[in-house]
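One letter stands for each residue in the lines below.
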Protein chains: 2
Amino acid sequence: MDKPYRPKITRASRPLTFDVEAVNERGEALPTAIAGEHPLTLYVDKREVVTLMTLGQAPEALAIGYLRNQRLVASVEDIAAVQVDWETDAVAVTTRKAIKGLKERMKKRTVTTGCGQGTVFGDLMEEIDSIELRDDVRLSEETLYALLDAVRRRETVYKNAGAVHGCALADGADIVYFIEDVGRHNAVDAIAGQMWLDGIDGSDKIFYTTGRLTSEMVIKAAQMRIPFLVSRSGLTQMGFEIANKVGLTMFGRAVNQRYLLFTGKHRFVKRVMPTMMA
Amino acid sequence: MDKPYRPKITRASRPLTFDVEAVNERGEALPTAIAGEHPLTLYVDKREVVTLMTLGQAPEALAIGYLRNQRLVASVEDIAAVQVDWETDAVAVTTRKAIKGLKERMKKRTVTTGCGQGTVFGDLMEEIDSIELRDDVRLSEETLYALLDAVRRRETVYKNAGAVHGCALADGADIVYFIEDVGRHNAVDAIAGQMWLDGIDGSDKIFYTTGRLTSEMVIKAAQMRIPFLVSRSGLTQMGFEIANKVGLTMFGRAVNQRYLLFTGKHRFVKRVMPTMMA
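Note that the coordinates shown come from a computational prediction; the quantities given were computed from them, not determined experimentally.

About the criteria used
Residues numbered from 1 in each chain as written. Chains lettered and ligands numbered in written order. Predicted model: local features only at pLDDT ≥ 70, side-chain atom pairs only at ≥ 80, totals over all residues. Helix = DSSP H or I, 4+ residues; strand = E, 2+ residues; numbered from the N terminus. Rg over C-alpha atoms; globule rule 2.2 N^0.38 Å. Buried ≥ 20, exposed ≤ 12 C-beta atoms within 10 Å, placed from the backbone. Contact = placed C-beta atoms within 7 Å. Least-squares fit on C-alpha atoms with pLDDT ≥ 70 in both. Domains from an automatic or database assignment. Nonpolar A, V, L, I, M, F, W, Y, C, P; charged D, E, K, R; others polar. Pairing = 2+ DSSP bridges. Core = buried A, V, L, I, M, F, W, Y, C linked by C-beta atoms within 7 Å.

Caption draft 1: Representation of the overall build of chain A within the structure. Looking only at helices and strands, chain A features 8 helices and 15 strands. Taking 19 Å as the expected radius of gyration for a compact globule of 278 residues, we find that chain A reaches 20 Å, a close match to that expectation. Within chain A, the fraction of its 278 residues that count as buried is 49%. Across chain A, the fraction of contacts at a sequence separation of at least 24, relative to all contacts at a separation of at least 6, is 55%.

Right, dumping it as structure tokens:
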């Protein structure tokens, strides 16, 4: 296999936690770990696009994934370089050929919230209609449990300091990437960016998130063509409706050996239990 | 006291939860409550400003609070009417006199993420420098515990369906408002809007949130001149730094009779414990 194309990138991750002093209910002053948070302003060919508030674990992948999920860049081959500079809290993306109509697309952009990012919501919903996820892939209950166990055993910023969300891309029960960030959507975007950098195809993978399954989380998983979406948390009505529409196999409240399977049940293979004696 | 000015508003809240069927690990199909989520596009004098993804509990207050916290409207007296129409998923705000330079301010706007909303981050940080919170108000440990107990006993969408964040404005241990939404920032904005509608001053109040204390949460509390900020969750480094800078009294991990007091300790009155016999 050819090595995938890689833009020239820095590797400028930030320290992830900091100790501050807090006083607890017993009046004790305790050193307490808190998660980092940094503004990172994204420039594309010197044009300011967005300021992301980030933990700073994978800033280059975050910038690339943001441009990917916002549909501002069509392919990783269009990116020449990604340079993070924490002196100026900036990430400069240089394209190989200028993005057509970037100025107009930025102007048209509507801000979407609910932990959202600047996107044209209607455009995303239209794209959703055209997405087809692979139907020849399966996830067994054993694999789901093994993945949940792998996530549980992982050392994380969340365990140490809280205040972040984690996302993982998994190949069966193997965690390919695990990225945490202040916002759920930054963590998803960073994984999307890393997938581009490494030439990883999502069509047979599992996406795990500690965060809630709102409309935007489901849209992003579908955009990456990932057929399995697993969350420790709950979901919203629109998250449910979109997952149902694209036929995504979606689990909520998945922790230890418990889960709720909401949509896309045809890709899930339940463990056959031995017959119980009455 | 004069009755505060009130714009003409609809009262168009949405059903908050919906039942869908999910299959659990025992293979049982269960009706499961999930939280509502709706796009709501905000128009100011017919100009499209933002699409908010919302639970829809208090859409009029959300629209007003969004405009307040984004500093697009300077006072509730500038707003003539707020009309929500769920047929078109739109909220139309009519001003009494046109907002000066709205078009330019929209153009200048940089999107901030990490569960952010479209704001000019630099401008917000500048504003923070000029904020002075009241220093003649105190919060006792008894009142804090009573408030945490009142929050715990409350019936919520979260308890029923998860996937939302709740925010409360409290006057001592009395909850004045409790609003839940899909995004933390929507819930804060809706409270800011309701405060304007009812002419409530924040300078002696307590702001409670189930969500994390990131930079934007702390900035919004400070913008509303609220001196006490209490969260069930953790905080980030920038949340800590900004709270420290403005001298906000900030508690994290506050649940039952436990808390961590991070900043603004001078406003907190700890219960004097009877001397224990060894």
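Caption draft 2: Inspection of the relation of the copies chain B and chain A at higher detail. When chain B is brought onto chain A, the operation consists of a screw motion whose angular component is 180° and whose axial shift is 0.0 Å, with 0.0 Å RMSD remaining. Here the two chains are linked by the operation of a two-fold rotation axis. The share of interface residues of chain B whose copies in chain A are also at the interface is 100%, consistent with both copies meeting through the same surface.

Caption draft 3: Structural detail: the domain arrangement of chain A. Residue and element names in this part refer to chain A. You can read the domains of chain A as domain 1 (8-125) and domain 2 (139-269). Each of domain 1 and domain 2 has a C-alpha centre, and the two are 20 Å apart. At the interface, 26 residues of domain 1 touch 26 residues of domain 2. With 8 residues, helix α1 (residues 59-69) is the single largest residue contributor to the side of domain 1 that touches domain 2. Here the side of domain 1 that touches domain 2 is composed, by residue class, of 16 nonpolar, 8 polar and 2 charged.

Caption draft 4: Representation of the sheet that holds strand β6 (residues 79-85) of chain B. Residue and element names in this part refer to chain B. Read across the open sheet, the 5 strands follow the order β1-β6-β7-β4-β5; overall the sheet is mixed. Looking at the sheet topology across the chains shown, the edges are occupied by β1 (8-9) and β5 (47-54). Of the strand pairs in this sheet, strand β4 (residues 38-44) and β5 are connected by 7 bridges, and their pairing is antiparallel. Residue pairing for β5: leucine 40 is matched across the bridge by leucine 52.

Caption draft 5: Representation of the nonpolar core within the structure. Within the largest apolar cluster, 156 residues are counted, with the highest numbers of intra-cluster contacts made by Leu42, Val218 and Leu229 of chain A together with Leu42, Val218 and Leu229 of chain B. In contact with leucine 229 of chain A, other than residues within four places in its own chain, are Phe207, Leu213, Val218, Ala221, Ala243, Leu248 and Met250 of chain A.

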